[in-house]
Amino acid sequence: MNFGPYRKIILDGLWHNNQALVALLGLCPLLAVSSTVVNSLGLGLATTVALVFSNSVVSLIRNRITTEVRLPVFVLVIAANVTVIELLMSAFFHDLYKILGIFIPLIVTNCAIIGRAEAFASKNTVDRAVLDGLFMGLGFTAALVALGAFREIVGTGALLNRAELMFGEAARNWSVRIIENYDGFLLAILPPGAFIGLGLIIALKNVIDARAKVRAQAAASQPVAFEAAARKA
Amino acid sequence: MRFNTSPAPHVTPTGSTRRIMQWVLLAMLPGIAAQFWQFGPGVLIHLALAVATALLAEYAMLRLRTRPSRAGLSDWSAVLTAALLAVSLPPIAPWWIAVFGALFAIVIGKQLYGGLGYNPFNPAMVGYAVLLISFPKAMTAWLPPAELSATPLGLLDAWNAVVHRAGPEGLGFDALAMATPLDTLKTQLGLGRTIDEVQSGTLFGALAGKGWQWVNLGYLAGGLWLLRRGLIAWQIPAGFLAALGGLSLGFFLLEPQAYPTPLFHLLGGATMLGAFFIATDPVTASTTPKGRLIYGALIGSLVFVIRSWGGYPDGVAFAVLLLNLAAPTIDYYTRPRVYGHPG
């Protein structure tokens, strides 16, 4: 069995085509709820579940819908499964549900989900669509959590505040103080902090990619140099 | 005999960017001197800290952006930005306030947008707004003016306050600070007092707030000198002061017990610094003659609105930033008619 395409799907979702950092999709919830790690993780996982379900359903019915009506059908599919997720969150993570508020139903309008339905799920088999949904979602979650961690540390000096919202009562004292005697930098928690933080994270990713490219080129040119040196000797 | 037959333009501008920046800095001296006299040497410490940080940040960013760092540093624009920020800071604000503000102003307010000439917002005010929003406690504790306090702070006392957060001998640090007249006015009016009751307080002088009146007169003098030299457009300060004065006069006449006098507004807070030095920034302000008048007037009106009904005691920084955002639109609708073309 050839794993190449699957490997590509996974790497695309996590890094090369990361929905938040490269495609810049779904920024509205990303910027709005990423003030803490727990909020970010909650919304990220909800989005991941929505992506997996919508991708699999869209992929299953991809041969039955005509091009003219595909977008309304995608929206209906996404809206239906987001409603299910919303009710589940209300039942099992009620406090987190209250904090995330309007941004859970708004997952319906997250362009990343309809983008993957249109660009990938409607053209691929179910197994690939599910894998794509899962790793696109995890990539989105990772970006969200990174931004949430940045804003929480810079804004309050601590990490994992109010972890009990997500992990139950046992997590009440998970909060870690990173910087002692820190009064907090309010701007990081306010909306400008989200924009600046996301900009910095995207810049960091671009730097890493540029470095990797330089290294790959250096590695590719290495044997030639050796050969030339050998010939000279 | 040879005649000079060079093509137009025949009139060349007299000042380079560097010259203009230096003149503007020079024009700030009377205001800075008044601040030194009224609020002690804290302003000088902040000036030194902010200028040093701004120059270092400018150098580092220009290197990172692979731009010629000599030309960038020698145009004095970073020094002016740092100076405008430093004089807005409370004289006993902790040292890192000046450093962080200058860093934010240069790195994010200016260089990330592409450096001098490309920044949509006034960098000094970006730095100030970030500080005010993020560290409200440190940014609102001013000193009592020299007209009031019995023992003015010496250089060593100011240094101790800024760096070690310690008050002079026999006096706690927290005992040093005092709210500004604008702040006091806002709080007291909020408690249901009348203007007469508020202004009988010790903070209020003959013209406006004690201490602040002299600082504002200092910046007014410097600003008028800038106008005389033709370095700033008269429309911006004129629009600013006319709108602020007109609005405050109107409300003062309607309800003299709820609104302070126009003079209090014109010589209080950051009015003169804002009108002549901050709103006139050639990069971020409006550029057409009519547009400048509108731009200045809208800033003046917003300052009055924020001071009277907003959440902050003074509003020059926010008003300037908001109008920076509107400047391109104002310019678009006020383009002057080109000779030979119908309007």
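Residues numbered from 1 in each chain as written. Chains lettered and ligands numbered in written order. Predicted model: local features only at pLDDT ≥ 70, side-chain atom pairs only at ≥ 80, totals over all residues. Heavy atoms only, no water.

Engineer: Describe the overall build of chain B, with residues and values.
Structural biologist: In terms of helices and strands, chain B carries 17 helices and zero strands. In summary, chain B has a C-alpha radius of gyration of 21 Å against a globular reference of 20 Å for 343 residues, a match within 12%. Summarising its shape, the C-alpha atoms of chain B cover approximately 75 × 50 × 40 Å along the three principal directions. The long-range share in chain B, meaning contacts at least 24 apart out of those at least 6 apart in sequence, stands at 77%. Chain B carries 20 positive and 13 negative side-chain charges, and their two centres are separated by 18 Å. (Helix = DSSP H or I, 4+ residues; strand = E, 2+ residues; numbered from the N terminus. Rg over C-alpha atoms; globule rule 2.2 N^0.38 Å. Contact = heavy atoms within 4.5 Å. Lys, Arg positive; Asp, Glu negative; His and termini not counted. Charge placed at Lys NZ, Arg CZ, Asp CG, Glu CD.)

Engineer: Go over the interface of chain B and chain A, please, and point to the residues and values.
Structural biologist: Listed as interface residues are seven residues of chain B and, on the opposing side, six residues of chain A. Three residues, Ile133(B), Ser134(B) and Phe135(B), lead the burial of chain B against chain A; their summed loss comes to 57% of the area buried on that side. Counting across the chain B and chain A interface gives zero salt bridges. The interface formed by chain B and chain A includes one residue pair in polar contact (both at pLDDT 80 or more). (Buried area = accessible area lost by both parts, 1.4 Å probe. Salt bridge = Lys/Arg side-chain N within 4 Å of Asp/Glu carboxyl O. Polar contact = N/O pair within 3.5 Å; in protein donor to acceptor, adjacent residues only side chain to side chain.)

Engineer: Explain a positive patch on the surface to me, and be specific about the residues and the numbers.
Structural biologist: On the surface, Arg18(B), Arg19(B), Arg228(B) and Arg229(B) cluster together into a positively charged patch. Along the chain, Arg229(B) falls in the loop between helix H12 (212-228) and helix H13 (235-254). (Patch = residues over 30% accessible without salt bridge, like charges linked within 9 Å, V, L, I, M, F, W, Y side chains within 5 Å. Areas by Shrake-Rupley, 256 points an atom, 1.4 Å probe, with all protein chains shown as cover.)

Engineer: So what about the packing of helix H3 (residues 37-60) of chain A against helix H4 (residues 70-92) of chain A? Which residues, and what values?
Structural biologist: Residue and element names in this part refer to chain A. Relative to each other, H3 and H4 sit at 140°, their axes nearing to 9 Å. H4 is crossed by H3, and the crossing has right-handed handedness. Residues Ala 46, Val 49, Ala 50, Phe 53, Ser 54, Val 57 and Val 58 of H3 form the contact with H4, whose participating residues are Phe 74, Val 77, Ile 78, Asn 81, Val 82, Ile 85 and Met 89. Looking at the contact of H3 with H4 residue by residue, the classes come out as twelve nonpolar, two polar and no charged. (Axes fitted to C-alpha atoms, helices over the stretch in contact; angles between N-to-C directions. Left-handed = near helix turned anticlockwise from the far one by under 90°. Nonpolar A, V, L, I, M, F, W, Y, C, P; charged D, E, K, R; others polar.)

Engineer: Describe the nonpolar core, naming the residues involved and giving the relevant values.
Structural biologist: Among the nonpolar cores identified, the biggest contains 93 residues, and Met28(B), Tyr219(B), Phe240(B), Phe277(B), Tyr295(B) and Ile299(B) are the most heavily contacted of them. Those residues within four positions of Met28(B) in sequence are excluded, and the remaining contacts are Leu80(B), Ala83(B), Leu84(B), Val87(B), Tyr219(B) and Phe277(B). Ranked by size, the runner-up nonpolar core spans 29 residues in total, among them Leu31(A), Leu100(A), Ile113(A) and Leu198(A). (Core = buried A, V, L, I, M, F, W, Y, C linked by side-chain atoms within 4.5 Å. Buried < 20%, exposed > 50% of the residue type's maximum accessible area, 1.4 Å probe, protein only.)

Engineer: Got a sec to walk through helix H10 (residues 181-190) of chain B? Specific residues and values, please.
Structural biologist: Counting along an α-helix, one turn takes 3.6 residues, and residues three or four places apart therefore face a common direction. All names here are of chain B. All buried positions along H10 are accounted for by Pro 181, Leu 182, Asp 183, Thr 184 and Leu 185. Turning to H10, the residues buried within the fold contact helix H8 (136-140), helix H11 (195-199), H12, helix H14 (262-266) and helix H16 (289-309). Two residues or fewer after H10 comes Gly 192, characterised by a positive phi angle close to 90°.

Engineer: I'd like to hear about a nonpolar patch on the surface, residue by residue, with values.
Structural biologist: All names here are of chain A. Together, Leu 14, Leu 45, Leu 134 and Leu 138 line one region of the surface with nonpolar side chains, adding up to about 270 Å² of accessible area. With respect to the secondary-structure elements, Leu 45 resides in helix H3. Given a relative accessible area of 34%, Leu 45 falls into the partly exposed group.

Engineer: An account of helix H9 (residues 155-164) of chain B is needed here, citing residue identities and associated values.
Structural biologist: Residues and elements named next belong to chain B. Considered for burial, the residues of H9 that qualify are Ala 158, Ala 161 and Val 162. Relative to the axis of H9, the buried residues are bounded by an arc of 90° and lie together on one face. Facing away from the buried side of H9 by more than 90 degrees, the exposed set consists of Leu 156 and His 164. Residue Arg 165 follows H9 closely and has a positive phi angle near 55°. (Arc of directions from axis to C-beta.)

Engineer: Go over the environment of Tyr312(B), please, and point to the residues and values.
Structural biologist: All names here are of chain B. In this structure, Tyr 312 sits in the loop between H16 and helix H17 (316-333). Judged by relative accessible area, Tyr 312 falls into the partly exposed class, the value being 30%. Separated by 129 residues in the primary sequence, Tyr 312 and Asp 183 have C-alpha atoms spaced 8.0 Å apart. Not counting the four nearest positions on each side in its chain, Tyr 312 is found in contact with Leu 132, Ile 133, Lys 186, Ile 306, Arg 307 and Phe 318.

Engineer: I'd like a rundown of the environment of Gly315(B), residues and numbers included.
Structural biologist: Following the sequence through the fold, Gly315(B) ends up in the loop between H16 and H17. C-alpha separation for the pair Gly315(B) and Gly269(B), spaced 46 residues apart in sequence, amounts to 8.9 Å.

Engineer: Any details on the packing of aromatic side chains? Residues and values, ideally.
Structural biologist: All names here are of chain B. A complete count under the given rule lists 19 aromatic pairs over all chains for this structure. Consider the rings of Phe 39 and Trp 142, whose centres lie 5.3 Å apart with planes at 70°: the pair is edge-to-face. With Phe 39 in helix H2 (residues 29-39) and Trp 142 in the loop between H8 and H9, this pair connects stretches of sequence that are 103 residues apart. No difference in accessibility class separates Phe 39 from Trp 142, as the two residues are buried. Consider the rings of Phe 251 and Tyr 259, whose centres lie 5.0 Å apart with planes at 50°: the pair is tilted. Under the relative-accessibility criterion, Phe 251 is labelled partly exposed at 24%. Classification of Tyr 259 by relative accessible area gives buried; the value is 14%. (Phe/Tyr/Trp six-rings, centres within 6.5 Å; stacked < 30°, edge-to-face > 60°.)

Engineer: With reference to specific residues and values, describe unusual backbone geometry.
Structural biologist: Residues and elements named next belong to chain B. Even without being a glycine, Thr 66 presents a positive backbone phi close to 50°. As for its placement among the helices and strands, Thr 66 is situated in the loop between helix H3 (42-64) and helix H4 (69-74). Phi angles above zero are rare outside glycine, and Trp 76 is one such case at about 65°. Note on placement: Trp 76 falls in the loop between H4 and helix H5 (77-88). For Trp 76, a relative accessible area of 33% translates into the label partly exposed.

Engineer: Tell me what's going on with the side chain of Thr334(B), and back it up with residues and numbers.
Structural biologist: Position of Thr334(B) among the secondary structure elements: in the segment after H17. Within polar-contact distance, the side chain of Thr334(B) engages the backbone oxygen of Ile330(B) at 2.7 Å.

Engineer: Tell me about the state of the cysteines, and please be specific about residues and values.
Structural biologist: Residues and elements named next belong to chain A. In the structure shown here, the tally under the stated rule is zero disulfides over all chains. Cysteine Cys 28 is unpaired, with the sulfur of Cys 111 as its nearest cysteine sulfur at 8.8 Å. Residue class for Cys 111 comes out partly exposed when judged on its relative accessible area of 37%. (Disulfide = S-S within 2.5 Å.)

Engineer: So what's going on with the pattern of salt bridges? Residues and values would help.
Structural biologist: All names here are of chain A. Tallied over the entire structure, the rule returns six salt bridges over all chains. Arg 70 is paired through a salt bridge with Glu 118; the nearest N and O atoms lie 2.8 Å apart. With a gap of 48 residues between them, Arg 70 in helix H4 and Glu 118 in helix H6 (residues 111-119) connect regions that are remote in the sequence. Lys 205 is paired through a salt bridge with Asp 209; the nearest N and O atoms lie 2.6 Å apart. In this pair, Lys 205 and Asp 209 are both assigned in helix H10 (residues 191-232), four residues apart and thus about one turn of the helix distant. A relative accessible area of 26% means that Asp 209 is categorised as partly exposed.

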